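# Residue-level structure breakdown
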Amino acid sequence: MPVLPGAEPYRHEGGEVGVLLCHGFTGSPQSLRPWAEYLAERGLTVALPLLPGHGTRWEDMALTGWQDWYAEVDRALRTLRDRCERVFVAGLSMGGALALRLAAKHGEDIAGVLVVNPANKVHGLSAYTLPVSRHLVRTTRGIASDIAKEGTVEVGYDRVPLHAAHSLRNFFRLVDGELPQVTQPLLLLRSDRDHIVPAADSARILSRVSSTDVTEVVLEQSYHVATLDHDADRIFEESLGFIGRLATGVGKEGTTARG
């Protein structure tokens, strides 16, 4: 199937510091493209892959699970590691959970973690019925475009395949158990008003990671897809400052670019 316009993966060859960006469940690279371009313009090497089953039609996603999504970002990380001296992982929503698992599994190969409205659990009574309901009902309503900024739309599915949602639930449980293995510096940015992921998910993550260098930023003007919302510029600036603090030479003038 052809990729939806705007949902294409993104890659930029910059300097010796690399950033892997992971998009969210039923979303696409479009939600993180401005963030990726901001970092690329400042000299970083950036990878923003399209997760399997995403960016086309929900029927494709129904045939995939967390193992497919994680394998894609793991491959992208290994490619970045071969190319860059220092690598950071970042993500939005489920992409935050993917980034945290990469950090737990790859240890010192990752210099820092940046997550925006990271998800940790499928909430509500429907989560408990997923093992059965996914065999009876194919989809439920979509979760894309929770954005306060008028006129801004996220490229994502208008339906959520329940087989994929069940796999996501299992993935969150797995990652929750691995959070104590996350030791890298962590920047967590969360929206004060998020209609998709509650603040409890961020609190749970912060309480379970072993990182000692932790920064939490509350975004007061955005909903869930904050990377496309009113606080986008703040996210970009905070992330560059975080990376620059941990990787020498990163800054607004693009000093990480190859000579």
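One can find the structure itself at the top, above this paragraph.
Being a predicted model, the structure only gives us computed values, none of them experimental.

### Quick look at the sheet that holds strand β8 (residues 186-191)
- The strand order across the open sheet built from seven strands is β1-β3-β2-β4-β5-β8-β9, with neighbouring strands paired in mixed fashion. The sheet terminates laterally at β1 (10-12) and β9 (214-219), the two strands that pair on one side only. Averaged over all adjacent pairs, the angle separating strand axes in this sheet is 15°, with direction ignored.
- Sheet analysis places strand β5 (residues 112-116) next to β8, joined by four bridges and oriented parallel. Each residue of the ladder has a partner; that of Val113, found in β8, is Leu186.
- Where helix α7 (residues 199-208) meets the sheet, it contacts β8 and β9, and its direction lies at approximately 165° from that of β8.

### Some thoughts on the pairing of strand β4 (residues 86-92)
- Among the seven residues of β4, six are classified as buried, and the element is accordingly described as predominantly covered.
- Relative to β5, β4 runs parallel, the two sharing five bridges. When the sheet's bridge partners are listed, Val89 is paired in β5 with Val113.
- Crossover connection from β4 via helix α4 (residues 94-106) to parallel β5: handedness right-handed.

### A short note on the nonpolar core
- In terms of nonpolar packing, the biggest core is built from 44 residues, with Leu20, Phe25, Trp69, Leu100 and Val113 touching the most fellow members.
- Mapped onto this core, the elements with two or more residues apiece are β2 (17-22), α2 (58-61), α3 (66-83), β4, α4, β5, α6 (162-178) and β8.
- Leave out the neighbours within four places in its chain, and Leu100 touches Val113, Val115, Val175, Leu179, Val182, Leu186 and Ile205.
- The next biggest cluster of nonpolar side chains, apart from the first, holds 36 residues, and it includes Phe88, Leu114, Val116 and Leu189.

### Some points on the packing of α3 against α6
- Running from N to C, α3 and α6 cross one another at 60°; their axes reach a closest spacing of 9 Å. Regarding the angle of α3 to α6, the classification is oblique. Residues Trp66, Gln67 and Trp69 of α3 pack against Ala164, Ser167, Leu168, Phe171 and Leu174 of α6.
- Classifying every residue of the contact of α3 with α6 gives six nonpolar, two polar and no charged.

### Re α7
- Where α7 is concerned, the buried positions are Asp201, Ser202 and Ile205. Within α7, the buried residues cover an arc of 95° as seen down the axis, which keeps them to one side.
- On its buried face, α7 is in contact with α4 and β8.

### Thoughts on the pairing of β2
- Within β2, six of the six residues are buried, which leaves the element mostly enclosed by the surrounding structure.
- Bridge count between β2 and β4: six bridges; the pairing is parallel. Counterpart to Leu21 in the pairing with β4 is Ala90.
- As paired elements, β2 and strand β3 (residues 45-48) share three bridges and run parallel to each other. Within β3, the residue paired with Val19 across the bridge is Val46.

Conventions used here
Residues numbered from 1 in each chain as written. Predicted model: local features only at pLDDT ≥ 70, side-chain atom pairs only at ≥ 80, totals over all residues. Heavy atoms only, no water. Pairing = 2+ DSSP bridges. Helix = DSSP H or I, 4+ residues; strand = E, 2+ residues; numbered from the N terminus. Axes fitted to C-alpha atoms, helices over the stretch in contact; angles between N-to-C directions. Contact = heavy atoms within 4.5 Å. Buried < 20%, exposed > 50% of the residue type's maximum accessible area, 1.4 Å probe, protein only. Right-handed = clockwise from strand over helix to strand, strands pointing away. Core = buried A, V, L, I, M, F, W, Y, C linked by side-chain atoms within 4.5 Å. Parallel < 35°, antiparallel > 145°, perpendicular 65-115°, else oblique. Nonpolar A, V, L, I, M, F, W, Y, C, P; charged D, E, K, R; others polar. Arc of directions from axis to C-beta.

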